[in-house]
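# Summary of the model geometry
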Amino acid sequence: MCIAGNDDNYIYDVDVPSGLLRWKFKTESLVRSSPTVHAPSNTILVGSNDYNLYALDHINGTLKWKYATASLIVSSPVVQGNNVYFT
């Protein structure tokens, strides 16, 4: 598995050995934040320049929830207990 975002507003999950795309999720702007995998909840957390922090299902890439902020998100989210921290 390789989870990554890029300049075309997508977050991708690519199977590394085969190079096959498992899923992709489109945001409304660039993705500069490195995704964080929260294994206990099977959740990918990633920020976007569209001012949203996204929580995606790790298995299929569907949106679990998103949190609107007042600015760009460029840091990698960190999970501590039940809290997610990012800048």
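Residues numbered from 1 in each chain as written. Predicted model: local features only at pLDDT ≥ 70, side-chain atom pairs only at ≥ 80, totals over all residues. Heavy atoms only, no water.

### Remarks on the overall build of the protein chain
Helices and strands together make up the secondary structure of the protein chain, namely 0 helices and 9 strands. The N-to-C order of helical and strand elements in the protein chain reads β-β-β-β-β-β-β-β-β. The globule rule puts the C-alpha radius of gyration for 87 residues at 12 Å, and the 12 Å found for the protein chain is close to it. Considering only C-alpha atoms, the protein chain reaches an extent of 40 × 30 × 20 Å along its principal axes. (Helix = DSSP H or I, 4+ residues; strand = E, 2+ residues; numbered from the N terminus. Rg over C-alpha atoms; globule rule 2.2 N^0.38 Å.)

### Some remarks on the nonpolar core
Counting 8 residues, the largest nonpolar core consists of I11, W23, F25, V31, I44, V46, Y54 and L56. Those residues in contact with Y54 that lie beyond four places of it in its chain are F25, T27, E28, I44, L45, V46, S48, L63, W65 and K66. (Core = buried A, V, L, I, M, F, W, Y, C linked by side-chain atoms within 4.5 Å. Buried < 20%, exposed > 50% of the residue type's maximum accessible area, 1.4 Å probe, protein only. Contact = heavy atoms within 4.5 Å.)

### A closer look at the sheet that holds strand β5 (residues 43-47)
Judged by pairing direction, the sheet is antiparallel, and its 4 strands sit side by side in the order β4-β5-β6-β7 without closing on themselves. This sheet does not close on itself; its edge strands, each paired only once, are β4 (36-38) and β7 (63-68). Here the strands of the sheet are splayed against their neighbours by 20° on average, with no regard to which way each runs. Strand direction decides the pairing type here: β5 and strand β6 (residues 52-57), joined by 5 bridges, are antiparallel. Of the residues in β6, the one forming a bridge with V46 is Y54. (Pairing = 2+ DSSP bridges. Axes fitted to C-alpha atoms, helices over the stretch in contact; angles between N-to-C directions.)

### Points about the confidence of the model for the protein chain
Overall, the predicted model of the protein chain reaches an average pLDDT of 89, with 92% of residues at or above 70. Model confidence for the protein chain, summarised as mean pLDDT per element, is weakest for strand β1 (residues 2-5) at 62 and strongest for β7 at 97. (pLDDT = per-residue confidence, 0-100.)

### Quick look at the pairing of strand β2 (residues 10-14)
Within a regular strand, the side chains alternate between the two sheet faces. As paired elements, β2 and strand β3 (residues 21-26) share 5 bridges and run antiparallel to each other. When the bridges of β3 are listed, V14 appears paired with L21.

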